[in-house]
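Residue-level structural notes
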Amino acid sequence: ADEYAKKTGNKIVASFAPMGMLRDKLRAGEKADLLFMTDAALDNVTKDGVKFAGERKAVGRVIVGVAVKEGAPMPDISSVEAFKKALLAAKSVGYADPASGATSGMHFAKMLEKMGIAAEIDKKAKLRPGGFVMELVANGEAEIGVQQITEILPVKGIKLVGPLPAEINLMSTYLGAVVMGAPPEARGFLDFVTANEARPVVEKAGFQWPR
């Protein structure tokens with residue numbers, strides 16, 4: 001956004017929230033010129049009556065990872081069984097509240113059920129909406145945190161252990177879509193963040209380049 005502003009003089013005013021909360025904001029009448037959401041979330045807001053102009057464009061793909069406080073022992077998450085043992089051994093586990101519509105939180109809750117440890121983890125779970133989960137890890141409230149890697153990397157005081165085992169991970173593709181009636185600058189910004197020149201910035205943030 002800063003680079004786009006320097007290049008064009010157009011300032012981006014951004015609002016961030018989990019997918020479910022963004023949908024609620026739009027339902028409540030909040031307006032936006034450009035949305036960055038998963039394909040399924042964009043489909044949902046389309047059902048709510050939001051209309052888009054032109055094609056959606058993929059910005060990047062992201063997977064779910066595990067983090068601990070900087071300096072803490074690194075748990076073994078090399079397999080589903082090892083990850084399960086690490087979760088059970090942890091005093092507290094932080095993840096995004098599924099009720100907020102957070103992609104990683106809903107997925108992780110399903111994985112806990114599949115692993116048969118949902119009841120045990122629920123007793124020591126520390127839930128936060130969306131991007132605030134890693135603050136729990138940084139301040140010591142959660143011994144282990146589970147969230148999308150893009151939301152782990154920017155937080156100081158924590159360390160990325162690695163991605164969830166492939167068998168239970170989730171890859172989400174985030175796309176940009178211009179809302180009908182938006183000024184042309186909205187399409188300009190979407191083109192800017194999906195151009196090859198943006199790849200280093202996108203990948204540094206923890207996304208996989210989608211093309």
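Summarised in this report is the structure supplied together with it. All values derive from a computational prediction rather than experimental measurement.

The rules behind these values
- Residues numbered from 1 in each chain as written.
- Predicted model: local features only at pLDDT ≥ 70, side-chain atom pairs only at ≥ 80, totals over all residues.
- Heavy atoms only, no water.
- Helix = DSSP H or I, 4+ residues; strand = E, 2+ residues; numbered from the N terminus.
- Rg over C-alpha atoms; globule rule 2.2 N^0.38 Å.
- Buried < 20%, exposed > 50% of the residue type's maximum accessible area, 1.4 Å probe, protein only.
- Contact = heavy atoms within 4.5 Å.
- Areas by Shrake-Rupley, 256 points an atom, 1.4 Å probe, with all protein chains shown as cover.
- Arc of directions from axis to C-beta.
- Pairing = 2+ DSSP bridges.
- Axes fitted to C-alpha atoms, helices over the stretch in contact; angles between N-to-C directions.
- Polar contact = N/O pair within 3.5 Å; in protein donor to acceptor, adjacent residues only side chain to side chain.

What about the overall build of the chain?
Of regular secondary structure, the chain possesses 10 helices and 8 strands. Compactness check: the chain gives a C-alpha radius of gyration of 18 Å against a globular reference of 17 Å for 211 residues, within 12% of the reference. With respect to the principal axes defined by its C-alpha atoms, the chain has extents near 55 × 35 × 30 Å. Residue burial in the chain is summarised as follows: out of 211 residues, 43% are buried. Within the chain, contacts between residues separated by at least 24 positions form 73% of all contacts whose residues are at least 6 apart in sequence. Accessible surface for the chain amounts to roughly 11300 Å². Of this, 55% is attributable to carbon and sulfur atoms.

Examining helix α2 (residues 19-27)
Residues M19, L22 and L26 constitute the buried set of α2. Along the long axis of α2, the arc covered by the buried residues comes to 60°, so they all point the same way. Contacts from the buried residues of α2 go to β1 (34-38), α3 (39-47), α5 (103-115) and β8 (172-178). Taken from the residues just after α2, G29 is the one with a positive phi, measuring 105°.

Focus: the sheet that holds β8
Across the sheet, 3 strands lie side by side as β1-β8-β2; this open sheet has antiparallel pairing. The sheet is open, and its two borders are formed by β1 and β2 (57-62), each paired with just one other strand. Each strand of the sheet is rotated relative to its neighbour by a mean of 25°, with strand direction disregarded. Two strands pair when backbone bridges link them, and β2 and β8 are joined in this way by 5 bridges, in the antiparallel orientation.

Let's talk about the sheet that holds strand β3 (residues 64-69)
In space, the 5 strands of this open sheet follow the order β5-β4-β6-β3-β7, with mixed pairing throughout. The strands lining the two open edges of the sheet, one partner per strand, are β5 (125-128) and β7 (158-163). Recorded for the sheet is a direction-independent mean angle of 30° between the axes of neighbouring strands. Pairing geometry for β3 and strand β6 (residues 144-148), over 4 bridges, is antiparallel. From the neighbouring strand, G65 faces β6, where its bridge partner is Q147. With respect to the sheet, α5 is in contact with β3, β4 (93-96) and β6, its orientation differing from that of β4 by roughly 130°.

Looking at the environment of A99
By the secondary structure assignment, A99 is in the loop between β4 and α5. Taking C-alpha positions, A99 is 8.2 Å from G20, a pair spaced 79 residues apart along the chain.

Here we look at the pairing of β1
Most of β1 sits inside the fold, with 4 of its 5 residues counted as buried. Pairing of β1 with β8, which is carried by 5 bridges, proceeds in the antiparallel orientation. From the neighbouring strand, T38 faces β8, where its bridge partner is Y174.

A short note on the side chain of N169
Structurally, the position occupied by N169 is in the loop between β7 and β8. From its side chain, N169 meets the backbone nitrogen of V64 in a polar contact 2.9 Å long. Those residues in contact with N169 that lie beyond four places of it in its chain are I63, V64, H107, P163 and L164.

Coordinates in, geometry out; function isn't part of it.
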